[in-house]
Amino acid sequence: MLELVADMMEKDLILIGATAVEDKLQKGVPQCIDKLAQAGLKIWVLTGDKMETAINIGFSCSLLRQGMKQICITVMNSDAVAQESKQAVKENISMQITNASQMVKLEKDPHAAFALIIDGKTLSYALEDDMKHQFLALAVVCASVICCRVSPKQKALVTRLVKEGTGKTTLAIGDGANDVGMIQEADIGVGISGVEGMQAVMASDFSISQFRFLERLLVVHGHWCYKRIAQMICYFFYKNIAFGLTLFYFEAFTAFSGQSVYNDWYMLLFNVILTSLPVISLGVFEQDVSSEVCLQFPALYQQGPKNLFFDWYRILGWMGNGLYTSLVIFILNIMIFYNQAFRAEGQTADMAAMGATMFSCIITAVNCQIALTMSHFTWIQHLFVWGSVTTWYLFLLLFGMLPPYYSEDAHKILVEALGPAPIYWCTILLVTVACNLPYLAHISFQRCFNPMDHHIIQEIKYYKKDVEDQHMWRRERSKARQETKIGFTARVDAKIRQLKGKLQRRSSTLILPNCMPSPCQ
Amino acid sequence: MEATDRVILAFQKGIQSDPNIQSLLNKNFPACKPILTPRWVVSTFMLIAIVFIPIGIACLIGSRDVVEVVERYETECIPVLNRTNTVQFIQSDADKTCNISMTIPKRMKQPIYVYYQLDNFYQNHRRYVKSRSDEQLKSASKENDTSACKPEDIANGRGAIVPCGLIAWSLFNDTYSFSRQNQSLTVNKKGIAWKSDKQKRFGKNVFPKNFQGGGLVGGATLNESIPLNEQEDLMVWMRTAALPTFRKLYGKIEVDLEEKEVINVTLMNYYNTYSFNGKKKLVLSTTSWIGGRNDFLGIAYLTVGMISFALSMGFTIVYFVKPRRLGDPYLLIMEQRSWIALKMFVEFF
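Residues numbered from 1 in each chain as written. Chains lettered and ligands numbered in written order. Predicted model: local features only at pLDDT ≥ 70, side-chain atom pairs only at ≥ 80, totals over all residues. Heavy atoms only, no water.

The name an unreviewed UniProt entry gives chain B is ALA-interacting subunit, with Salix koriyanagi as the organism. Comment text from UniProt for chain B, heading Sequence similarities (unreviewed entry), reads "Belongs to the CDC50/LEM3 family." Taken from UniProt, the Subcellular location (unreviewed entry) comment for chain B reads in full: "Membrane". (UniProt positions renumbered as here; feature names shortened; annotations may be inferred.)

In the nomenclature of an unreviewed UniProt entry, chain A corresponds to Phospholipid-transporting ATPase from the organism Salix koriyanagi. Looking at the Subcellular location (unreviewed entry) heading of the UniProt record, one finds this comment for chain A: "Membrane". If you open the UniProt record of chain A and go to Catalytic activity (unreviewed entry), you find "ATP + H2O + phospholipidSide 1 = ADP + phosphate + phospholipidSide 2."

(A) Layout of unusual backbone geometry. Across the junction of K150 of chain B and P151 of chain B, the peptide omega takes the value 0°, indicating a cis bond. For P151 of chain B, the location among the structural elements is in the loop between α6 (134-138) and β4 (154-155). Of note, the bond from V162 of chain B into P163 of chain B is cis; its omega dihedral lies within 30 degrees of zero at -10°. Along the chain, the position of P163 of chain B falls in the loop between β5 (159-160) and α7 (166-169). The residue D12 of chain A is not glycine, and still its phi comes out positive at about 55°. You can see D12 of chain A is positioned in the loop between α1 (2-9) and α2 (29-38). (Helix = DSSP H or I, 4+ residues; strand = E, 2+ residues; numbered from the N terminus.)

(B) Geometry of the UniProt feature "transmembrane region" (unreviewed entry) in chain B. Residues and elements named next belong to chain B. Here the UniProt feature "transmembrane region" (unreviewed entry) sits at residues 40-62 and 299-321. Taken end to end, residues 40-62 is 100% helix and 0% strand, and its two terminal C-alpha atoms sit 33 Å from one another. Helix makes up 100% of residues 299-321 and strand makes up 0%, while its end C-alpha atoms are separated by 32 Å.

(C) View of the sheet that holds strand β6 (residues 188-192) of chain A. All names here are of chain A. Spatial strand order, β5-β6-β7: three strands in an open sheet with parallel pairing. The open sheet has two edge strands with one neighbour each: β5 (171-174) and β7 (206-208). Strand-to-strand twist in this sheet, taken as the mean axis angle between neighbours without regard to direction, amounts to 20°. Sheet analysis places β6 next to β7, joined by three bridges and oriented parallel. Its bridge partner lying in β7, V190 is registered against F206. (Pairing = 2+ DSSP bridges. Axes fitted to C-alpha atoms, helices over the stretch in contact; angles between N-to-C directions.)

(D) Focus on the sheet that holds strand β10 (residues 262-268) of chain B. Residues and elements named next belong to chain B. Taken together, the four strands give an open sheet; going across it, the order is β2-β10-β6-β7, and neighbouring strands pair in antiparallel fashion. At either margin of the open sheet sits one strand with a lone partner, and together these are β2 (97-103) and β7 (183-185). Across the sheet, the mean angle from the axis of one strand to that of its neighbour is 30°, orientation sign disregarded. Bridging between β2 and β10 involves seven bridges; their strand directions are antiparallel. Its bridge partner being in β10, M102 is matched across the sheet by I263.

(E) Molecular detail of a positive patch on the surface. Together, K495, K502, R505 and R506 of chain A give the surface a local cluster of positive charge. Relative to the elements of secondary structure, R505 of chain A occurs in helix α24 (residues 488-510). (Patch = residues over 30% accessible without salt bridge, like charges linked within 9 Å, V, L, I, M, F, W, Y side chains within 5 Å. Areas by Shrake-Rupley, 256 points an atom, 1.4 Å probe, with all protein chains shown as cover. Salt bridge = Lys/Arg side-chain N within 4 Å of Asp/Glu carboxyl O. Lys, Arg positive; Asp, Glu negative; His and termini not counted. Charge placed at Lys NZ, Arg CZ, Asp CG, Glu CD.)

(F) Summary view of the interface of chain B and chain A. Facing the 89 residues of chain B at the interface are 98 residues of chain A. Between chain B and chain A the total buried area reaches about 8600 Å² when both faces are included, carbon and sulfur atoms providing 64% of it. The interface formed by chain B and chain A contains two salt bridges. Of the charged contacts, one joins R239 of chain B and D350 of chain A as a salt bridge, the two residues approaching to 3.1 Å between their closest N and O atoms. At the junction of chain B with chain A, the criterion picks out 20 residue pairs in polar contact (both at pLDDT 80 or more). The element best represented in the side of chain B that touches chain A is helix α10 (residues 296-321) of chain B, accounting for 11 residues. When the residues that make up the side of chain B that touches chain A are grouped by side-chain class, the tally is 52 nonpolar, 18 polar and 19 charged. (Contact = heavy atoms within 4.5 Å. Buried area = accessible area lost by both parts, 1.4 Å probe. Polar contact = N/O pair within 3.5 Å; in protein donor to acceptor, adjacent residues only side chain to side chain. Nonpolar A, V, L, I, M, F, W, Y, C, P; charged D, E, K, R; others polar.)

(G) Focus on the environment of A49 of chain B. All names here are of chain B. Mapped onto the fold, A49 is located in helix α3 (residues 38-64). Along the sequence, A49 and I307 sit 258 residues apart, while their C-alpha atoms lie 7.9 Å from each other. Sequence-distant contacts of A49, that is, excluding residues within four places in its chain, are made with P54, G305, S308 and F309.

(H) Spatial organisation of the packing of aromatic side chains. All names here are of chain A. For the coordinates displayed, the defined rule picks out 41 aromatic pairs over all chains. Ring centres of Y405 and Y406 lie 5.1 Å apart, and the angle between their planes is 75°; on these two criteria the pair is classed as edge-to-face. Through a chain of ring-to-ring contacts, three or more aromatic side chains come together here, namely F243, Y262, W265, Y266, F270, F359, W392, F395 and F399. One Lys or Arg, K227, reaches over the ring of F309 and ends 4.4 Å from the middle of that ring. (Phe/Tyr/Trp six-rings, centres within 6.5 Å; stacked < 30°, edge-to-face > 60°. Lys NZ or Arg CZ within 6 Å of the ring centre and 35° of its normal.)

Have a look at this one:
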């Protein structure tokens, strides 16, 4: 009935206009995706929306663009599904995947980009054990993958497939309750707090309030975090090896009886107050390059995935440095304090004096080492590093003032025995420099002959060349991007290539028999 | 939204809008970012060389100024007949007097320090080091605080040993008397221990009691009428040495000794180092600002200074021969993309 009425009324109408509803992307999403793509990350979209919506979103954030070949894997006509057996459907999908893979393999144009679009129903077949590897193999060669009409369970399954199939680190970001499975499955889960509630936030490792903050989270903080952790761990091993091995060496001189050359209190405080604060400041505040530079040079991010700073070479190098430091400290102290008098008044050194000197050498040497490692010095770092060395001397002073019941042999050792002895101070200076000299030579050599990217950028900033030579700075920023097929810069590039192609075709028709040099060549 | 969601959102909003927290979280502390430019590298190494080489020379001169005479005597001082069974000899009641002579190689200015040196004696053994009672040494009331001192803690049935423990028990007891040309030289045995030992660690009303009364005699006996804070030999001995070869201060000779003088030493060879093949040596030494004679510090400084100098020269040569433009962006190993196309695009349209 209603249809009849509608039919009667809706006649001879004049079209006035059309309205459209745009499900707006959040502010800054296209730029963020662009930056992450330039940093070398691969981006997949898993959405519950229908295919047309998902494709439009892909276009608006430049995951898809004109000229990209879209590979759609779908279950054929839906009414046929009920009739055909499951096996036939699977075979169909398998064939589609195989054809698509062939097409990609045979593509000769290096700039050609493929986008894979698959919907939830198809995905439920594609994720089965016998097909999922085939599906994954196709998906990883595509520049972008959009999965639409995906259920929450499938989001988690796709994430698991990528995680286990490629072995790479995965990050999942979402804002709704339907993203919780995916967020928990990925290596890193990021939740966006917003209109859809807090479920994603509560399930995630990190939570941000807008999608665009992901760019800063990864490219700036991710990069810094990787560097900080790598340096911190290597340094921690170094200082404990430098300290612990001296105890072992001393055993050779005590008939292996287990006597330690240091007072118990020195050993207790070593890791608590005397060398821990500089490491903490290294781990919290260190920046090899500033945040603007990280954002301007997204390719620096790749230092993390390529694991340039925590490979075995570096770890063993630091351990070797610790071994060398311990040997230098021990041997120099033993040889200097051998058996002769160590003061003009004729006294010889006892175990307390030698232990205190050796320990002073260790504290000074490892703290100078961390000062050489740090590249970003604020007042905090200065306070912690030089403060640790000062704390040691203060401690020795105050500990020595305690009655002998507590301080035993260390009673008044700095004031009476070691402080006035020039040999004590000479030894500390010598040992500190001898321990740090190889490291200093190594980093000077490396900077000179084999500089890493962030060294060059540090130098550019140091000499303020970025201010002087804006052209150069902009050019380098443009070079500092990973070759990428998605994002709007890629879209601009593709446009340029298209125009260049048109230009060449046009100029080739203009060339006269007596060839005028074309501006293109 | 649920109540918890509201709370979380409000908290986030609160932090985002509070200017104090924002300024703290986003604060860019003024930072200095030093980098190793060629100038810094070469000047650092050169500075180290310039500082270390003179210090090394000064230390070496200080060490070379010291005149030292060392005389090993533990085998010499056993009569030839008894040299096959030294342990039995040293434990017997035979006469242990021994005469040795030392020739002064160079003029020695007073005060000349007399040391006894023991080799292969592990004063730094853990069980030995802990075998003492600081409480007992300090105050007479804590006389019975001997738990750490076993086995030298209690004399058989006569009460606690003061001072207890293996360190005190093994007190060195060789004595030396010096003479030149039949004129004896006095050895000042005062002022050889640390002042803090005399004042704080050894009590002035603690007297030795039942010392060496544990059954086995390990070394010297102590005069029971002298309080512990005046027993300087004991105080010096109780400062356990760090290495198995060590010297301890015996006394000071306060006259000058001329070159080529022959000093005759009458020593009592009481101490038993023969059970463990230890060596005994008598040392006469002057001191300089750096202490006794040890060239190692000076040589080490010179070595490090020379290495540093060589490094600075090496780096200078390298920077001249193969210079790298600093901040040269062409060295960036990142992926390259050409913008020539864009430039052309701009030029053409």
